[in-house]
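Take a look at the letters that make up each chain.
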Amino acid sequence: MTGHKMDSTQLFRQMGRRVIARQVLVERDESIAEVSDFTAFKRKIYRRYHHAPHLAVLDAKLTEVTRYVESGGAEGTGRVIISMPPRHGKTMTVGKLFPAWFLGRNPDKRIMLVSYGQSLANKNSRAARSFLSSRVYAGIFPSVRLSDDSANVMEWDIDGQNGEGGVTAIGVLGAA
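What this report covers is the structure whose coordinates are included nearby.

Conventions and cut-offs
- Residues numbered from 1 in each chain as written.
- Predicted model: local features only at pLDDT ≥ 70, side-chain atom pairs only at ≥ 80, totals over all residues.
- Heavy atoms only, no water.
- Phe/Tyr/Trp six-rings, centres within 6.5 Å; stacked < 30°, edge-to-face > 60°.
- Helix = DSSP H or I, 4+ residues; strand = E, 2+ residues; numbered from the N terminus.
- Buried < 20%, exposed > 50% of the residue type's maximum accessible area, 1.4 Å probe, protein only.
- Expected span 1.5 Å × (residues − 1).
- Arc of directions from axis to C-beta.
- Contact = heavy atoms within 4.5 Å.
- Polar contact = N/O pair within 3.5 Å; in protein donor to acceptor, adjacent residues only side chain to side chain.

### A few points about the packing of aromatic side chains
- In the structure shown here, the tally under the stated rule is eight aromatic pairs.
- On the numbers, 5.0 Å between centres and 35 degrees between planes, the contact of Phe-38 with Trp-101 is tilted. Taken together, the positions of Phe-38 in helix α2 (residues 38-45) and Trp-101 in helix α4 (residues 90-105) put the pair 63 residues apart, joining distant regions of the chain.
- On the basis of relative accessible area, Trp-101 is assigned to the buried category, the value being 0%.

Printed below as a string of structure tokens:
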């Protein structure tokens, strides 16, 4: 009889293992979503993110741009003009979060963050680089990290891409 009965300690251990196994599966599924779904990525990496209908449209368009690049122009959208009022999430979405997500999926690509002024381009670059350096980001894109010699906010590289992948930030009056 003792072979079939469990004491409470054994029962809790077994239940704990099941909960941990279930949590690992949930986290793996969430990581897959965060790689493929820009909105899921934004929610995970930027805790203060508040989703809104206009941001859903913007996320969908940026995902189409990503598809265009990843398919070599066979699918998706190659050009997008974004026009929104101030304080509606353009800079956070397009200039900070999108570069981090895009480079996670395409570490061999180079992004140019172009703004009206060098200071805003640098600010966006710094934020994207900060997201890329975070533990949360490493959990989503474990093989993507900054190159050790990428201290310059105006130009930084993804490790292992021989200078191909990364960000160049310039103001309208700057030169690439």
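### Notes on helix α3 (residues 53-70)
- For α3, which comprises 18 residues, the first-to-last C-alpha distance of 26 Å matches the rise-based estimate of 26 Å (1.5 Å per residue) to within 8%.
- Turning to α3, its buried residues number three or more, namely Leu-55, Leu-58, Asp-59, Leu-62, Val-65 and Thr-66. One side of α3 holds all its buried residues, which, seen down the axis, span an arc of 115 degrees. Exposed and facing more than 90 degrees away from the buried side of α3 are Pro-53 and Val-57.
- Looking at the residues trailing α3, positive phi occurs at Gly-72, about 70 degrees.

### Points about the environment of Gly-165
- Tracing the sequence through the fold places Gly-165 in the loop between β2 (155-157) and β3 (166-171).
- Separated by 56 residues in the primary sequence, Gly-165 and Lys-109 have C-alpha atoms spaced 4.3 Å apart.
- The residues touching Gly-165, leaving out its near neighbours within four places in the chain, are Pro-107, Asp-108, Lys-109, Arg-110, Trp-156, Asp-157 and Ile-158.

### Some remarks on helix α5 (residues 118-132)
- The terminal C-alpha atoms of α5, which comprises 15 residues, lie 21 Å apart, in line with the 21 Å expected from a rise of 1.5 Å per residue.
- Those residues of α5 that fall on the buried side of the exposure criterion are Leu-120, Ala-121, Asn-122, Asn-124, Ser-125, Ala-127, Ala-128, Arg-129, Phe-131 and Leu-132.
- For α5, the elements touching its buried residues are α2, α4, β1 (110-115), α6 (135-140), β2 and β3.

### A short note on the side chain of Ser-125
- Within the fold, Ser-125 resides in helix α5.
- Among the residues examined, Ser-125 registers a relative accessible area of 0% and is labelled buried.
- A polar contact of 2.7 Å, which involves the side chain of Ser-125, links it to the side chain of Trp-156.

### Examining the side chain of Thr-39
- Inspection of the secondary structure puts Thr-39 in helix α2.
- With residues up to four places along the chain from it excluded, the contact list for Thr-39 reads Tyr-49, His-51 and Asp-59.

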